[in-house]
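Chain by chain, the residues:
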Amino acid sequence: MSTVTPPSSSQVAARRSVRVARRLTYLTLALVCSCSLSPLRESQGADQGVDAKQFAETVERGIQFLSKTQGADGSFSRQAGIGPTALAVLALLRNGRTPDDPRVAKGLEYLASMVQEDGSIHPRGSRLANYETCIAATAFQAANADGRYDQVLDGAVTFLRGVPWDEKKGRDKSDVYYGGAGYGGDSRPDLSNTAFLVDTLRECGADSDDEAIQRALVFISRCQNLESEHNTTQFAAKTNDGGFYYTCALDEQDLQREGAAGGLRSYGGMTYSGLKSMLYAGLAADDPRVKAAVGWISQNYDVTSNPGMGDAGLFYYYHTFAKALAALGESEITDAAGKKHDWRAELVAELANRQNENGSWVNENSRWLEGDPNLVTSFSLIALSYCRPEAGK
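Residues numbered from 1 in each chain as written. Predicted model: local features only at pLDDT ≥ 70, side-chain atom pairs only at ≥ 80, totals over all residues. Heavy atoms only, no water.

Novice: Sorry, what's going on with the overall build of the protein chain here?
Specialist: Per the secondary structure count, the protein chain includes 14 helices and 2 strands. When burial is assessed residue by residue, the protein chain has 57% of its 393 residues classed as buried. Excluding contacts between residues fewer than 6 apart, the proportion of contacts in the protein chain whose partners are at least 24 apart in sequence is 66%. Roughly 16100 Å² of accessible area belongs to the protein chain as shown, and the carbon and sulfur atoms make up 50% of that amount. (Helix = DSSP H or I, 4+ residues; strand = E, 2+ residues; numbered from the N terminus. Buried < 20%, exposed > 50% of the residue type's maximum accessible area, 1.4 Å probe, protein only. Contact = heavy atoms within 4.5 Å. Areas by Shrake-Rupley, 256 points an atom, 1.4 Å probe, with all protein chains shown as cover.)

In structure tokens, the structure reads:
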């Protein structure tokens, strides 16, 4: 096991300051809103186009589905690891349930039983230690308004800081692995897991200039189809459309992701993950990398499919789509034809249309576990939490 550097006193103080601010926000919202909606990190913005009644009914039906599928031990789909449980707990918390709600409390108790001695959160022997720790820590952070999970979170963050490939693991900045994170152990890095790690560090109080986040930005930039000083890999100029792909650390190209010019094909889920991560790393709207990503999104705007992948990973796409556009702070996206789209209203309508009679969502394309209704319903509810209409509408 590699040596993990504990958080500095300034990092601990920063996390505590963030927690105090969030506690005050939580209490304020509780006083002004009888539905006790949980606070969001990103600016949500009022969206007059969202049908408030449709939004509320769709969310409630999804919550009721999850209320019926939780295991006696507090887990959801435990055969798939703790990821579905952590996502379900997060989905409930982001849609108005509190940490003391019986279902949430039961799920958190189950996740707490998975905390390991090194601070990671996963079942013993899991090959997904990074991914599962990221998702679980994000759920604990969402439930930590009163500081009850401070110790768990400090341990998780310490563990996560030791995950990415860097000098301590024999990789310098010239290496395509540098700054990236994989599922766990010594697995190759990919944009999805690196983005989850950036999300978690930010949620737990890290600033955009945090060293781990800035190292991650090096890897993330190399997963963008944009030739620049930030990406000089063999793939950068072959597609060059500003979108993102899964990983630059390839032993051989994945033919399904290969573009016509021999590069790596950009697709929706990764492009929104890449954009979000760049924004979290402090890049401004006028940074060429951000402008190129937003340009790709404008050219490929879609709420009916995962651009570049069709229905594969569709609900993962929906949740990265919503998080990224909320972080971008734009209420409308202009498409390739010049038409403006109220993305929140369109996403709510699309998810309402795709919802099953029992309140669940499930993908007919089961790739990446999206045949599991617990996982997919959680992704959908998380996506919807970024589409909340203006209070009182």
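Here the narrative resumes.
Novice: Please explain the packing of helix H5 (residues 129–142) against helix H6 (residues 150–161) as it appears in this structure.
Specialist: The relative placement of two packed helices is expressed as an angle between their axes plus a distance between the axes. Remark: H5 packs on H6, axes separated minimally by 10 Å, with the N-to-C direction vectors making an angle of 150°. On the basis of the axis angle, H5 is roughly antiparallel to H6. Classified by chirality, the crossing of H6 by H5 is left-handed. Counting all contacts with H5, which are made through Ala-129, Asn-130, Thr-133, Cys-134, Ala-137, Phe-140 and Gln-141, the residues of H6 involved are Val-152, Leu-153, Ala-156, Phe-159 and Leu-160. Its residues assigned to classes, the contact of H5 with H6 comprises 9 nonpolar, 3 polar and no charged. (Axes fitted to C-alpha atoms, helices over the stretch in contact; angles between N-to-C directions. Parallel < 35°, antiparallel > 145°, perpendicular 65-115°, else oblique. Left-handed = near helix turned anticlockwise from the far one by under 90°. Nonpolar A, V, L, I, M, F, W, Y, C, P; charged D, E, K, R; others polar.)

Novice: Would you explain the packing of helix H12 (residues 314–328) against helix H13 (residues 343–354) in this entry?
Specialist: Relative orientation of the contacting elements H12 and H13 amounts to 160°, with a least axis distance of 11 Å. As far as their axial angle goes, H13 and H12 are roughly antiparallel. Where H12 crosses over H13, the two elements pack in a sense that is left-handed. Judged by residue contacts, Leu-314, Phe-315, Tyr-318, Phe-321, Ala-322, Leu-325 and Ala-326 of H12 engage Trp-343, Arg-344, Leu-347, Glu-350, Leu-351 and Arg-354 from H13.

Novice: Just checking my understanding: could you explain unusual backbone geometry for this structure?
Specialist: The general pattern is negative phi for most residues beyond glycine and trans for most peptide bonds. For Ser-77, which is not a glycine, the phi torsion comes out positive at approximately 45°. Even without glycine at this site, Asn-240 takes up a positive phi of about 55°. Mapped onto the secondary structure, Asn-240 falls in the loop between helix H9 (236–239) and helix H10 (268–280). Under the relative-accessibility criterion, Asn-240 is labelled partly exposed at 38%.

Novice: Looking at this structure, I do not really get helix H2 (residues 52–69). What am I missing?
Specialist: An α-helical segment advances 3.6 residues per turn. Residues three or four places apart therefore align on the same side. An ideal rise of 1.5 Å per residue puts 26 Å on 18 residues; H2 measures up with 26 Å between its terminal C-alpha atoms. All of the buried residues along H2 are Phe-55, Thr-58, Val-59, Gly-62, Ile-63, Phe-65 and Leu-66. Looking down the long axis of H2, one finds its buried residues gathered within 155° of arc, a one-sided arrangement. Counted as exposed and oriented over 90 degrees from the buried face of H2: Lys-53 and Lys-68. Its buried side turned inward, H2 meets helix H3 (83–94), H13 and helix H14 (373–385). Sitting at the head of H2, Asp-51 places a side-chain oxygen 3.1 Å from the backbone nitrogen of Lys-53. (Expected span 1.5 Å × (residues − 1). Arc of directions from axis to C-beta. Polar contact = N/O pair within 3.5 Å; in protein donor to acceptor, adjacent residues only side chain to side chain.)

Novice: Explanation requested: the side chain of Arg-161 in the structure shown.
Specialist: With respect to the secondary-structure elements, Arg-161 resides in helix H6. Classification of Arg-161 as buried rests on a relative accessible area of 14%. Only 2.8 Å separates the side chain of Arg-161 from the side chain of Asp-210, close enough to count as a polar contact.

Novice: Help me understand helix H11 (residues 288–299), please; the structure alone is not making it clear to me.
Specialist: With 12 residues, H11 should reach 16 Å at 1.5 Å per residue; the first-to-last C-alpha distance of 16 Å fits that figure. For H11, the complete set of buried residues consists of Arg-289, Val-290, Ala-292, Ala-293, Trp-296, Ile-297 and Ser-298. Here the buried face of H11 lies against helix H8 (211–221), H10 and strand E1 (332–334). Where H11 starts, the residue carrying a side-chain oxygen 2.8 Å from the main-chain nitrogen of Arg-289 turns out to be Asp-287.

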